[in-house]
Amino acid sequence: MTDTPTPSARPAHVAASAVRHFRYYDLMMAAFVAILLLSNIIGASKPSYIVLPGGGQWTFGAGVLFFPISYIIGDVLTEVYGYARARRVIWTGFAALAFMAFMAWVVVSLPPAAGWPGQASYEFVFGNSWRIVIASMTAFWVGEFANSYVLAQMKIWTAGRHLWMRTIGSTIVGQGLDSLIFYPLAFYGLAGWPPEQLYEVVLFQWLFKTTWEIVLTPATYAIVGALKRREGVDVFDEGTDFNPFGAKV
């Protein structure tokens, strides 16, 4: 007879510190970091637009379509595996972003080989200013930790009920802080970014990302339910150290 739970077993209510091994945690970490990096490398470099009903155009950075998925995976990580393990993933993503920025700076700075025509395009796509890089990393760090903390605390307050309330509520806080920090820190005072336009962008980005969370709520329910059944536990952050710099799992 085995102690390994079957997919149909009811997840057991356990404290986060009581579980030492999970089957799918590493895969979720890999998915989080991959989407985070790709949305910053590929999506952030291209503005696009959609035609509005009145004939106008709405311009947006293509990365906004995919970056919120990292928040949804962050919700899943905290809900299924607890704050401490989500904290490890957030720090992993932060380190990956830092290395990505450093690598981009080194590669862009290297002199191109004679006759290579792509240097200008390479600099255009990967040559972000350090102000934007620092704003992006700061916003990510604050937003992700706020999102994870709010969701973990709400899970305790609600005794594990109303998952939709936790995921949407935590996203309102996390994405709000992310947008509120990134845009002013990256663009305030620059030509073409008057304060009123800057805060219109902050508000719109916050609403758009939160709407994404709401739209994808059924997918979040499906992923959370499947992972909890396969892991066989329902983790609650009772007695968890919520210090972002804590190391204990």
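Scope of this entry: the structure provided in the associated data block. Computed from a predicted model, the values in this text were never measured in an experiment.

Cut-off values and rules
- Residues numbered from 1 in each chain as written.
- Predicted model: local features only at pLDDT ≥ 70, side-chain atom pairs only at ≥ 80, totals over all residues.
- Heavy atoms only, no water.
- Axes fitted to C-alpha atoms, helices over the stretch in contact; angles between N-to-C directions.
- Helix = DSSP H or I, 4+ residues; strand = E, 2+ residues; numbered from the N terminus.
- Parallel < 35°, antiparallel > 145°, perpendicular 65-115°, else oblique.
- Left-handed = near helix turned anticlockwise from the far one by under 90°.
- Contact = heavy atoms within 4.5 Å.
- Nonpolar A, V, L, I, M, F, W, Y, C, P; charged D, E, K, R; others polar.
- Polar contact = N/O pair within 3.5 Å; in protein donor to acceptor, adjacent residues only side chain to side chain.
- Core = buried A, V, L, I, M, F, W, Y, C linked by side-chain atoms within 4.5 Å.
- Buried < 20%, exposed > 50% of the residue type's maximum accessible area, 1.4 Å probe, protein only.
- 1 Å grid on protein atoms, 1.4 Å probe; cavity = no way out; pocket = protein on both sides within 12 Å on 5 of 7 lines; lining within 4 Å.
- Points joined across faces, edges and corners; volume = space filled by probe spheres on them.

The geometry of helix 2 (residues 67–81) relative to helix 7 (residues 195–215) is characterised by a closest axis approach of 10 Å and an angle of 50 degrees between their N-to-C directions. When the axes of helix 2 and helix 7 are compared, the pair comes out oblique. Pair helix 2 / helix 7 crosses with right-handed handedness. On helix 7, the residues that touch Phe67, Pro68, Ile72 and Asp75 of helix 2 are Lys209, Trp212 and Glu213. Looking at the contact of helix 2 with helix 7 residue by residue, the classes come out as 4 nonpolar, no polar and 3 charged.

Our next topic: the side chain of Arg166. Within the secondary structure, Arg166 is located in helix 6 (residues 163–187). Of the polar contacts made by the side chain of Arg166, one reaches the side chain of Glu79; its length is 2.8 Å. Here Arg166 is in contact with Glu79, Leu151, Met154, Lys155, Thr158, Gly160 and Arg161, once residues within four sequence places are set aside.

Core analysis: the largest hydrophobic core is formed by 33 residues, its most contacted members being Tyr25, Met28, Phe32, Leu77 and Tyr81. Counting residues per element, the ones that place at least two in this core are helix 1 (25–41), helix 2, helix 3 (83–109), helix 5 (130–157), helix 8 (217–231) and strand 4 (233–236). With residues up to four places along the chain from it excluded, the contact list for Tyr81 reads Phe22, Tyr24, Tyr25, Met28, Val76, Leu227, Glu231 and Val235. One finds Ala135, Phe182, Tyr183 and Val202 within the second-largest nonpolar core, a separate group that totals 8 residues.

The subject of this paragraph is empty space enclosed by the protein. For the structure on display, the rule yields 1 cavity of 30 Å³ or more. Approximately 40 Å³ is the volume attributed to the largest cavity. For the largest cavity, the full set of lining residues is Phe32, Gly74, Leu77, Thr78, Ala86, Ile90, Glu144 and Ser148. Ranked by the residues each element gives to the lining of the largest cavity, the list is headed by helix 2, at 3 residues. Classifying every residue of the lining of the largest cavity by side-chain character gives 4 nonpolar, 3 polar and 1 charged.

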